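Each chain, letter by letter, is given below.
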Amino acid sequence: MDPVLKKPFGPPVNMRRAYGEALVALGQSRPDLVVLSADVSNSDHSFMFEARFPDRFINVGIAEQALVDVAVGFAKCGRVPIANTFAFLFATRALEQVRTHLAYGRANVKLAGAYAGLSDSFDGPTHQSINDLAVMRSLPNLTVVVPADPVALDALLPQMCDMDGPVFFRLCRNEVPVVFGEGYRPTLGRAVQLRDGRDLTLIACGVMVAPALEAAESLASQGVQARVVEMHTLKPLDTDMVARCAEETGAIVTVEEHSIIGGLGGAVAEALAAARPAPLERVGIRDQFTESGPYADLLRKYGLAAPDIVQAAQTALRRKENLQRQR
Amino acid sequence: MPNNIAPATVYPYGPRHTPAMIADLSRRAFEYRLQVLDMVYERQSGHLGGSFSAAEILTALYFHHLRVNPQDPAWPERDRLLFSKGHACPMLYTVLAHRGFFPVEELRTFRALDSRLQGHPEPQKTPGVEIPAGPLGHGVAIACGMALAAAMKKASYRVYVVLGDGELNAGVIWEGALVAAKYRLDAVKVILDCNGVQQTGSTAAVMPTEPLADKWKAFGWHVLECHGHNMAQVLDALDAADELHGRPVVIIARTTKGKGVSFMENDCVWHGTPPNADQYRAARAELLEGANRWTLC
């Protein structure tokens, strides 16, 4: 069987370019695909689709509300539209359109949220997107997906377009290590266990999957066996997987490039509270805005690097042991 | 509550508007107002003013101009009617019911628990409704997507949008207007129910949008104007809009908010206030009189 993980990680690949290529590939197999942009196609690389299929590309200008509404019109007439702009703009400026027509109206529109998390690092907090997952996850009927690398994107994008219903997915702007191998076969809504362990579970999404795996290696050298789970679909959440990990490992750490409020950490907390409470540590942005700077430096400064995950894991383990002693 | 509305005749699409047809549709616009009055009075909730101003526009569209099939509401080749001023849905529901999309008796369930007739339009519940509306401003941009989709597959359906003039305060209307002009979407036909009143006052006082014709022209649209309560003019404007090509079309229909009930006309109080028993009786008498004027024609 082909390995699910690439070991060692493959050389970094530009996620935007990977997205442009994935769009073109999908455009070839799906004549009903339409790509819309709010004039950022050279940012998110949807220009690659425009170059190949100019008749199926619409630029509405700097008008994110119209972007979503025009996509809704396409969806209502049997097309599969992918609307493109920065992730934070879908979750803020165009949110009413998203709520009324995608969530409530179930228009079959796919929202591609570019420059997610801190990845638009130099542009600063106005452009970084640290609460999009919380906002989108709160909307009924919306599917919320975070592909971790180009392999995940290639596997998940066709699934998102095949399903009949609205989807929000977010993409990193920068170069990301290739984490997954040939054997990675994700299914929307089902978490993927990447590494087994009995002491605790690290649940990660997006570009934080790679540092979570690094953290697991580091913990192993300290004698701690951490399970690692990739939660590429935040909604619907694979609550069975969360409950099983709580049951079998007794402590959880969530890792996301997002606020610790309402995103992956929030979703897992809700699932644990409902099914099987266990100590939970959330690695993410700690309810604050960040700043401009190099991407890797920002991730480090705001607590999103492998050592932060290790530290959170140690805290979670201590809490688990305290609980066991109390019992 | 008595509702002696005659079975609805649908007049074939085309430019021939006989005096009898005009009189019949004009009378029915008043009968539909009566029905709306009953719905809102019974539930003590709903929007009368904007429903009354749209009566002739919706009657003309659904009983003459639109190519729709109540037996197959999802017919792919149908004309689309996007009712962007969603709060006025009592009139939309009434016209849809009489056009045969669902039983007329169901109108009494408007805004009741378990009803298919929500407080604002919901296409998954109500046959014939195309889009959710209520939050204002969606119609034009969604119409653009529909018209672009039609152009891509060489379909010939038209996309009508009924807009309120208060709705023009919303920026997304103008985003959509720019998109429609850029892509020369002549399948998009907007009917602006220009009643001059919004929730807290006149449109002129709340947010001046005149000169409307100049604005739409400057945005690259064909502009037509008509008296929105004169059935002959509404029908003629809809026909004229079909003959305009290369650009989207807006018909500025000058209307009166609360049309047909003297004490409701042009008063923003009647945007969303239900009548009490006395007001209901008085309104009913005036609307009956309005309908009867056309019966005598």
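The model shown is predicted, which means the values in this text are computed figures rather than measured ones. (Residues numbered from 1 in each chain as written. Chains lettered and ligands numbered in written order. Predicted model: local features only at pLDDT ≥ 70, side-chain atom pairs only at ≥ 80, totals over all residues. Heavy atoms only, no water.)

Moving on, we get to the interface of chain B and chain A. A common way to express how large an interface is: the accessible area buried when the components associate. Contacts between the two partners involve 27 residues from chain B and, on the opposite side, 27 residues from chain A. For the chain B and chain A pair, buried surface summed over both sides reaches about 2100 Å², with 63% attributable to carbon and sulfur atoms. Taken together, the links from chain B to chain A amount to nine residue pairs in polar contact (both at pLDDT 80 or more). Of all the secondary structure elements, the ones that give two or more residues to the side of chain B that touches chain A are α5 (139–152) and α6 (171–182) of chain B. The element that contributes the greatest number of residues to the side of chain B that touches chain A is α5 of chain B, accounting for eight residues. Here the residues of the side of chain B that touches chain A are counted per class, giving 15 nonpolar, six polar and six charged. (Contact = heavy atoms within 4.5 Å. Buried area = accessible area lost by both parts, 1.4 Å probe. Polar contact = N/O pair within 3.5 Å; in protein donor to acceptor, adjacent residues only side chain to side chain. Helix = DSSP H or I, 4+ residues; strand = E, 2+ residues; numbered from the N terminus. Nonpolar A, V, L, I, M, F, W, Y, C, P; charged D, E, K, R; others polar.)

Okay, the domain arrangement of chain A next. All names here are of chain A. On domain assignment, one finds that chain A holds domain 1 (5–178) and domain 2 (189–326). If you average the C-alpha positions of domain 1 and of domain 2, the two centres end up 25 Å apart. Between domain 1 and domain 2, the residue contacts involve 35 residues of the former and 35 residues of the latter. When domain 1 packs against domain 2, the two sides together hide about 2600 Å² of surface, and 65% of this comes from carbon and sulfur. Contact with domain 2 buries surface across domain 1, with L118, I130 and R137 losing the most and accounting together for 28% of the total. Linking domain 1 with domain 2 are one salt bridge. Among the ionic pairs, E270 bridges to R137, the shortest N-O distance being 2.9 Å. At the boundary of domain 1 with domain 2, the tally comes to 19 residue pairs in polar contact (both at pLDDT 80 or more). Contributions of two or more residues to the side of domain 1 that touches domain 2 are made by β1 (5–14), α7 (132–137), β6 (143–145) and β8 (175–180). (Domains from an automatic or database assignment. Salt bridge = Lys/Arg side-chain N within 4 Å of Asp/Glu carboxyl O.)

All names here are of chain A. You can see E230 is positioned in strand β11 (residues 226–230). We note that E230 is buried and unpaired, the nearest opposite charge coming from R170 at a distance of 12 Å. Side chain to side chain, E230 and Y184 meet in a polar contact 2.6 Å long. With residues up to four places along the chain from it excluded, the contact list for E230 reads V146, A148, F180, Y184, A191, V192, L194, A204 and V209. (Buried < 20%, exposed > 50% of the residue type's maximum accessible area, 1.4 Å probe, protein only. Lys, Arg positive; Asp, Glu negative; His and termini not counted.)

What follows is about the sheet that holds strand β14 (residues 280–285) of chain A. All names here are of chain A. The mixed open sheet is built from five strands, whose spatial order is β9-β11-β10-β13-β14. Strand pairing shows two members of the sheet lacking a second neighbour, β9 (192–195) and β14, which therefore form its edges. Adjacent strand axes in the sheet meet at a mean angle of 25°, parallel and antiparallel pairs treated alike. In this sheet, β14 lies alongside strand β13 (residues 252–259) in parallel orientation, the contact comprising five bridges. In the strand pairing of β14, V255 is matched with V283. (Pairing = 2+ DSSP bridges. Axes fitted to C-alpha atoms, helices over the stretch in contact; angles between N-to-C directions.)

Below, the discussion takes up unusual backbone geometry. A negative phi angle characterises most non-glycine residues, just as the trans form characterises most peptide bonds. Across the junction of K235 of chain A and P236 of chain A, the peptide omega takes the value -5°, indicating a cis bond. A positive phi angle, near 60°, is found at N266 of chain B, a position not held by glycine. As for its placement among the helices and strands, N266 of chain B is situated in the loop between β7 (249–254) and α10 (277–295).

On to the pattern of salt bridges. Once their charged atoms are close, side chains differing in charge can pair, the charge on each being opposite to the other. Residue and element names in this part refer to chain A. Under the definition given, this model contains 29 salt bridges over all chains. A salt bridge links E281 to R319; its shortest N-O distance comes to 2.7 Å. Here E281 is found in strand β14, whereas its partner R319 is found in helix α13 (residues 306–326), with 38 residues between them in sequence. According to the relative accessible area criterion, R319 is partly exposed, its value standing at 36%.

With that out of the way, let us pick up the side chain of D165 of chain B. Mapping D165 of chain B onto the fold places it in the loop between β2 (159–164) and α6. Although D165 of chain B is buried, it makes no salt bridge; R254 of chain B carries the closest opposite charge, 6.4 Å away.

Let us look at the sheet that holds β7 of chain B. Residues and elements named next belong to chain B. Taken in spatial order, the five strands line up as β1-β2-β3-β7-β6 in an open sheet, and their pairing is parallel. For this open sheet the edge positions go to β1 (80–83) and β6 (222–227), each flanked by a neighbour on one side alone. Neighbour to neighbour, the strand axes of the sheet diverge by 20° on average, direction disregarded. In this sheet, β7 lies alongside strand β3 (residues 188–194) in parallel orientation, the contact comprising six bridges. Bridge pairing in β7 links C194 to R254.

Another aspect to go through is the pairing of strand β2 (residues 33–37) of chain A. When a strand is regular, its side chains alternate between the sheet's two faces. Residue and element names in this part refer to chain A. With five of five residues buried, β2 is to be regarded as a mostly interior element. Side chains L33, V35 and S37 of β2 all project onto a buried face; the interleaved residues V34 and L36 project onto the opposite face, where all are buried too. Sheet topology note: the β2/strand β4 (residues 80–86) ladder contains five bridges and is parallel. Across the sheet, the residue bridging to V35 is I82, located in β4. Across three bridges, the pairing between β2 and strand β3 (residues 57–59) is parallel. Across the sheet, residue V35 finds its bridge partner in β3, namely F57.

Here we come to the packing of aromatic side chains. In total, this model carries 14 aromatic pairs over all chains according to the counting rule given. Residues F49 of chain A and F53 of chain A carry aromatic rings whose centres are separated by 5.0 Å and whose planes lie at 45° to one another, so their mutual orientation is tilted. Given the relative accessible area of 12%, F53 of chain A is considered buried. Taken together, the ring pairs connect W174, W216, F219 and W221 of chain B into an aromatic cluster. Here the basic side chain of R56 of chain A rests over the ring of F53 of chain A, its NZ or CZ set 4.4 Å away from the ring centre. (Phe/Tyr/Trp six-rings, centres within 6.5 Å; stacked < 30°, edge-to-face > 60°. Lys NZ or Arg CZ within 6 Å of the ring centre and 35° of its normal.)

Residues and elements named next belong to chain A. The end-to-end C-alpha distance of helix α9 (residues 209–221), which contains 13 residues, comes to 19 Å, matching closely the 18 Å that a straight helix rising 1.5 Å per residue would cover. Looking only at α9, the buried set comprises V209, A210, P211, A212, L213, A215, A216 and L219. Along its buried surface, α9 packs onto β1, β8, β9, β10 (200–204), β11 and α13. Positive backbone phi, at 85°, marks G223, one or two positions downstream of α9. (Expected span 1.5 Å × (residues − 1).)

A few words now on the environment of N174 of chain A. Residue and element names in this part refer to chain A. Checked against the element boundaries, N174 lands in the loop between β7 (167–170) and β8. A sequence separation of 158 residues divides N174 from R16, and the C-alpha atoms of the two residues are 7.0 Å apart. Dropping the residues within four chain positions of it, N174 is found in contact with V13, N14, M15, S119 and Y295. There is a polar contact of 2.8 Å between the side chain of N174 and the backbone oxygen of S119. A polar atom in the side chain of N174 sits 2.8 Å from the side chain of R173.

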